[in-house]
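As a plain string of letters, each chain reads:
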Amino acid sequence: MESQYAKKHMAWLNLFTGMHYGARYLKNRWREFLPAENFEYVEKMSKLLFASVDETCTNKRALDLGCCVGGTTFNLAEKFDEVIGIDCCKGFIEFCEELKKNGKATIYSCEEGDLDGEMMAEIPDSIDRSRCSFQLGDVQALPSDIGTFGCVVISNVIGRLENPIKVLRNLPGLLDDYGICVIASPHDPLEDFTPKENWLGGFLDKDGQKMKASQTIKDILSEKMELIQSVEIPFVLQYQAREIGLTISEVQVWLKSPKIS
Ligand SMILES: C[S@@+](CC[C@H](N)C(=O)[O-])C[C@H]1O[C@@H](n2cnc3c(N)ncnc32)[C@H](O)[C@@H]1O
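In what follows, the accompanying structure is described.

Calculation criteria
- Residues numbered from 1 in each chain as written.
- Predicted model: local features only at pLDDT ≥ 70, side-chain atom pairs only at ≥ 80, totals over all residues.
- Core = buried A, V, L, I, M, F, W, Y, C linked by C-beta atoms within 7 Å.
- Buried ≥ 20, exposed ≤ 12 C-beta atoms within 10 Å, placed from the backbone.
- Helix = DSSP H or I, 4+ residues; strand = E, 2+ residues; numbered from the N terminus.
- Contact = placed C-beta atoms within 7 Å.
- Near = placed C-beta within 6 Å.
- Nonpolar A, V, L, I, M, F, W, Y, C, P; charged D, E, K, R; others polar.
- Pairing = 2+ DSSP bridges.
- Axes fitted to C-alpha atoms, helices over the stretch in contact; angles between N-to-C directions.

Some thoughts on the nonpolar core
Counting residues in each nonpolar core, the largest one holds 65 residues, and the members touching the most others are L65, C96, C151, V152, C181 and V182. Counting residues per element, this core draws most heavily on strand 7 (residues 175-185), at six residues. In this structure C181 touches V152, L171, L175, M225 and W254, once residues within four positions along its chain are discounted.

Take a look at the structure:
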């Protein structure tokens, strides 16, 4: 019998493959109730990244921290010569490898109870998949020889880490001058992932002031980088055919400016 872990893992895989690759199926189905753009998180994120790249930066390597099922990692290969996606979930990395090898993979959505719906994840031919590599790893303990990048993305991951501050403090060191860093988060802290003493926000400080993650991220990163844009991008997770959840991430775009360091 399938273990609870395997079941949970499959449920997560289905949710995120639907989010990263299922837009063309899901957005038409629910367009009467939810504008199609809510289903285009990965596309909107890639557009924002490409628009934010400072051409002064000669480093053509990109890093996707907590890459999950790889939607953004593959898209980054349109603009960057080498893209590394890192995730701590073996099943997600295996899915990314399958997609890298074959260019397509069957994905599933929970239709109703035990019934699944089938969709196809496809990477467009225009994307050179050989530029992407995937590593199983912890973004809180990156390999010491990982090098530097022109672009680092950490999307919807910071609120799922045991020690988010450690990761934030490491970000500027991963970038070359004029490199960009994009941090997206719905700022939804959960004690299941982050011990309360490590939360970035969502509590009152000792003086009774409201602490918010958005500001904490700015306080930490502004020591070494320049905030060039802050926008909101929605995403949809489909739990069952008629049960979908809308989340809105705040997306901060930071530039490693040589003026600040
Ligand atoms: C909510 S998903 C977001 C995925 C994707 N970046 C996006 O925005 O759609 C969070 C991802 O972070 C990964 N993750 C969580 N903690 C991690 C860690 N310490 N190291 C590496 N990956 C981690 C999870 O496995 C999952 O794939």
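So much for the structure itself; the text now carries on.
A look at the site of the ligand
Lining the immediate environment of the ligand, one finds 16 residues, of which G66, C68, C88, S155 and N156 sit closest. Of the residues contributing to the shell around the ligand, the split by class is nine nonpolar, four polar and three charged.

Some words on the sheet that holds strand 11 (residues 243-255)
Taken together, seven strands build an open sheet; the order of strands is 5-2-1-6-7-11-10 and the sheet is mixed. Pairing within the sheet leaves two strands with one partner each, and these edge strands are strand 5 (132-136) and strand 10 (226-240). Across the sheet, the mean angle separating the axes of adjacent strands is 15° when strand polarity is ignored. In terms of strand pairing, strand 7 meets strand 11 through six bridges, oriented antiparallel. Pairing of A184 across the sheet is with V251, part of strand 11. Contacting strand 2 (82-87) and strand 5, helix 5 (residues 90-102) crosses the sheet at an angle of about 160° to strand 5. Running at roughly 25° to strand 11, helix 7 (residues 213-221) makes contact with strand 7, strand 10 and strand 11 of the sheet.

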